[in-house]
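Residue strings, one per chain:
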Amino acid sequence: MKCFFPVLSCLAVLGVVSAQRQVAVQEGPLYRTEGSHITIWCNVSGYQGPPEQNFQWSIYLPSAPEREVQIVSTMDPSFPYAIYTQRVRSKKIYVDRVQGNSALLHITDLQARDAGEYECHTPNTDERYFGSYSAKMNLVVIPDSLQTTAVPQTMHKVEQDPLELTCEVATETLQHSHLSVAWLRQRGGEKPVEVISLSRDFVLQSSSDYAQRQSLGEVRLDKLGASTFRLTIFHLQPFDQGEFYCEAAEWIQDPDGSWYPMTRKRSEGTVVNIQPTDKEFTVRLETEKRLYTVGEPVEFRCILEAQNIPDRYFAVSWAFNSSLIASMGPNAVPVLNSEFTHREARGQLKVAKESDSVFVLKIYHLRQEDSGKYNCRVTEREKTVTGEFIDKESKRPKNIPIIVLPIKSSISVEVASNASVVLEGENLHLSCTVRTAGRPLGRFSVVWQLVDRQNRRSNIMWLDRDGTVQPGTFYWERSSFGGVQMEQVQPNSFSLGIFNSRKEDEGQYECHVTEWVRAVDGEWQVVGERRASTLVSITALETGFAVTAISRTPGVTYSDSFDLQCIIKPHYPSRVPVSVTWRFQPVGTIEFHDLVTFTRDGGVQWGDRSSSFRTRTAIEKAESSNNVRLSISRASDTEAGKYQCVAELWRRNYNNTWTRLAERTSNLLEIRVLQPVTKLQVSKSKRTLTLVENRPIQLNCSVKSQTSQNSHFAVLWYVHKPSDADGKLILKTTHNSAFEYGTYAEEEGLRARLQFERHVSGGLFSLTVQRAEVSDSGSYYCHVEEWLLSPNYAWYKLAEEVSGRTEVTVKQPDSRLKLSQAQGNLSVLEMRQVQLECVVLNRTSAASQLVVEWFVWKPNHPERETVARLSRDATFHYGEQAAKNNLKGRLHVESPSPGVYRLFIQNVAVQDSGTYSCRVEEWLPSPGGVWYKRAEDTAGQTAVRVSRPDAALQVDTVVPNATVSEKAAFQLDCSIVSRSSQDSRFAVAWYSLRTKARGKSGGLGLEDGEEEEEEGEDEEEEEEDPTERTALLSVGPDAVFGPEGSPWEGRLRFQRLSPLLYRLTVLQASPQDTGNYSCRVEEWLPSPQKEWYRLTEEESAPIGIRVLDTSSTLQSIICSNDALFYFVFFYPFPIFGILIITILLVRFKSRNSSKNSDGKNGVPLLWIKEPHLNYSPTCLEPPVLSIHPGAID
């Protein structure tokens, strides 16, 4: 509703301009509870026609959203449908017209069926249809689930007791709503007083009656759990007596942003009665005197003394000689007995309650029979729940007797003055009281006279018996100005007033009284005369006149106030004017100038050079004295200096003229304006912080106390390194929140890593160094400067303090690098491949990079040598060992999986043997992006033994001998049966083995045969022990021929029939060529360095060559030809043996078939033993088959 009418005005203006009808309705959806009172506004603008428009309200129910149900109209009473007719007639639904173009729809008792879409329609009053004529909004009706419950009870408490009351507030509203809870106290028909409340915004507040007690913590409201609200009053006062109850409201925020109380509930009340702690009371009866004269008045005062009298009930009764005069209840209405009722009616007696504690009995005209004892009785009463009073304790004081005497004719005179010594200018009041023993008999005439110090008597004023006053000769002028006055105050009391007294008014004042009584004839006659006097001394005003300037705060701090007192002595009354001027000498100057003057008539005049003081200076003159106080607030340097006050004493004459009596100057008063005493305290606690690099360093600087709530702080952050003498500035935040980076931050590149924060609490500052590096380690501390705003609105530094240090240690991550320590042994042949594996079992960080280095210890070489190195960027590098052993091109590295690295050495050589191991370096990135080595580890060792292939060379040792004829050619074959490697090459050399010459027998007998066999065996022994070796020809592994032997030069032919068969043919054989020959084979293999080396050598068995002369016999021909030799001498014997065995088998079978066995007919079996073959490969005769005796049994 706050923004409703401005919106109407704006829409109205827009309507006039555009001439287009616009209907606006309150924005929805609105959530309201059942039973509540809701208003929905609607306004129209931009219309034509009469200023007062009509409004029609309809609803579209959720059950039939297309059907319009009419509710109420401002123009048609029959507009509502039947379901709303009764509610419209009973004013439960009505339209309140706010203006001619705006209206409010009221639904006083909202029901659940009222939920739906509301439409506000304005009938057309325009000449043509143009614009919108209706607007809609949604209303949601929700159940009223707010519950406020408290246990009704009556509690009796004693003053200062604590009080605790609880109230349950709960709601089940599904929408977002806020609750407000308030505790109230109601007493009788008075308006409820709010004790304490919790607003919907969670703000605690109290009414003015309880605000101070809430601020002191005497009154509290606590929320216990989800729905319990507890009121606590720690020290009850009688004022707290009454009924306490809690009231809750449920608020919801409408779409326009305003909060609306949907429902409000109050709980049952708790009646709290509070008994004051002190119930005792005393009663005291007082009167002026005990002896009276007939006709005089008397007053008795019954005084009640007790605590909390207004909250208690008392009844008072008066008694005379134990007889009741009157009684008065708590309602203060007196009830008199019949005898004194008549005197009260004639105004001779009065019973009244003067105040809550004073009750009065007055008798205006005493009679002689009024002599006797008077007393009062006070009874305390308690009011019950039904309103009746019950008498409790009753008390009465001692009786007071009075005596009433008859009238006497003697008088006495008494003169009194308001003071025996008065100050010049003060008013002098003298009273002359005529005392009589009884009622005055007649009239009095009075004359006032003054006898001065020179004993001169003068009449001041006199009053005759008719009441006429006349001044004396010397007092005529002063009397005309009212300076001297005489008055009959009472019939027996006369006063003289001398106003604005002067020094010459000092002296003896005498009152001369004459008593006159009317005689029987009506004439007045003097009955008697009496006089009395009093001495009055008048002190001159300037006597003791002095001025002193004082200040309780000669030293003040910035923005504080200080007071300067100009003490005027003596203390003159306010009628004596004193003008006071404050003068000021600023620091560093020698002249005083008038600052401000307090004139005698109470005005204030500022000096010409006091402009800077006017807005901050207050001048005040005390009512009880002429002391002038100069109060200066928000002190600054401009107010520092010397102050002095000048006082002038004035006297006002009776004719209203002024006379300056004296002038006094005070002492000098120096005021020093100091800066405030600092209360700055910065936390001195020391901390030790250890963290891993790349983590943030959180540094706190806590201001524990500050001088002012308005203090600003400049915070300088330092770091101290062990190598530095002083700390280096990192960052400075000035008092106006400006940032300045220190040299350390610039040098170390910390700007991008620094984050400064000032917390909401205001006293905590944080500096965060992001991505900490090891170089960030050090001792950190903050230097806090406290700045205040001077009264001249300039900032100044008040104090500074250094905090405790925070020892920060930034360390690298703990090394967790671990390699496999498995030991290994590898034996491999040359030219094979060796695989060396380096396994990383664990690493410090997944983001780390590894450097893998392989090295080897060579036999008999104590120093290790690097083989290969894989850098962090996976670049492969050869080590010094690679260059020595020609490893380049033979090394290969691969990593099949993370943490597994394999080094392959291809085509290994014997010199590659050694003990291999790998060393891994783990590198981590620093927060600045620089990589550093964090850890390294060495894996287990692997012994690698590279050997050459086992020698498998074998040369054919079964070589047939040969016999050739002279001039023929013979062949010397060298056949290699096996070799060590397929890559091997051979060097072949043929040698002639010469033996010593020996005799030969040509006998063919058995003995000759045996002898020849023995000679053959001797020859073999001689061949195994050669005496001479002559090379025929040699062929190297590179197929280079050596020189031919001299006996065979020009007659040799070399052939390589196959990779394993070499043949040397000797042409033009001669008898000198007869002898044994052999071939020697050397096997050569290539090394990994492509160099050939000799692996092994093997020599064939000797080959016997016999070269025959041309005259050789048949025997030599046969023996010289192997085929012919075997055909003639060897093959017939196996055939003949087989034939004999066949014959024997046939005969054996025939004997078994005829059952003629050896045991039956006595004929022995014919067993033929294997014939003895006597054969020698060197014989010239064919073998002889002979059957020796006994061969056949």
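Let us look at the structure shown here.

Reading the values: the criteria
- Residues numbered from 1 in each chain as written.
- Predicted model: local features only at pLDDT ≥ 70, side-chain atom pairs only at ≥ 80, totals over all residues.
- Heavy atoms only, no water.
- Helix = DSSP H or I, 4+ residues; strand = E, 2+ residues; numbered from the N terminus.
- Buried < 20%, exposed > 50% of the residue type's maximum accessible area, 1.4 Å probe, protein only.
- Contact = heavy atoms within 4.5 Å.
- Patch = residues over 30% accessible without salt bridge, like charges linked within 9 Å, V, L, I, M, F, W, Y side chains within 5 Å.
- Areas by Shrake-Rupley, 256 points an atom, 1.4 Å probe, with all protein chains shown as cover.
- Salt bridge = Lys/Arg side-chain N within 4 Å of Asp/Glu carboxyl O.
- Pairing = 2+ DSSP bridges.
- Disulfide = S-S within 2.5 Å.

1. Describing the overall build of the chain
A count of helical and extended segments in the chain gives 13 helices and 86 strands. Here the chain holds 1193 residues, and 41% of them are scored as buried. In the chain, 61% of the contacts between residues at least 6 apart in sequence involve partners at least 24 apart.

2. As for a nonpolar patch on the surface
A contiguous nonpolar surface patch, about 510 Å² in accessible area, is contributed by Tyr 1126, Phe 1127, Val 1128, Phe 1130 and Tyr 1131. Among the structural elements, Tyr 1126 can be located in helix 11 (residues 1122–1129). By relative accessible area, Tyr 1126 is classed as partly exposed at 40%.

3. Concerning the sheet that holds strand 77 (residues 970–978)
Read from one edge to the other, the open sheet built from four strands follows the order 75-77-81-80, with strand pairing classed as antiparallel. Two strands bound the open sheet, and with one partner strand each, they are strand 75 (954–955) and strand 80 (1052–1058). Examined bridge by bridge, strand 80 and strand 81 (residues 1061–1066) share six bridges and lie antiparallel to one another. Of the residues in strand 81, the one forming a bridge with Phe 1054 is Leu 1064.

4. Considering the state of the cysteines
Disulfides are covalent bonds that connect the sulfur atoms of two cysteines. All told, the structure shown has eight disulfides when counted by the stated rule. The residue that forms a disulfide with Cys 432 is Cys 511, at a sulfur-sulfur distance of 1.9 Å. Taking the sign of the torsion about the S-S bond as the criterion, the disulfide between Cys 432 and Cys 511, at about -85°, is left-handed. Of this pair, Cys 432 sits in strand 34 (residues 428–436) while Cys 511 is found in strand 40 (residues 507–518), placing the two residues 79 residues apart along the sequence. Assigned by exposure class, Cys 432 and Cys 511 land together as buried. The disulfide bridge from Cys 838 ends at Cys 918, spanning 2.0 Å between sulfur atoms. Taking the sign of the S-S torsion, about 70° here, the bridge from Cys 838 to Cys 918 comes out right-handed.

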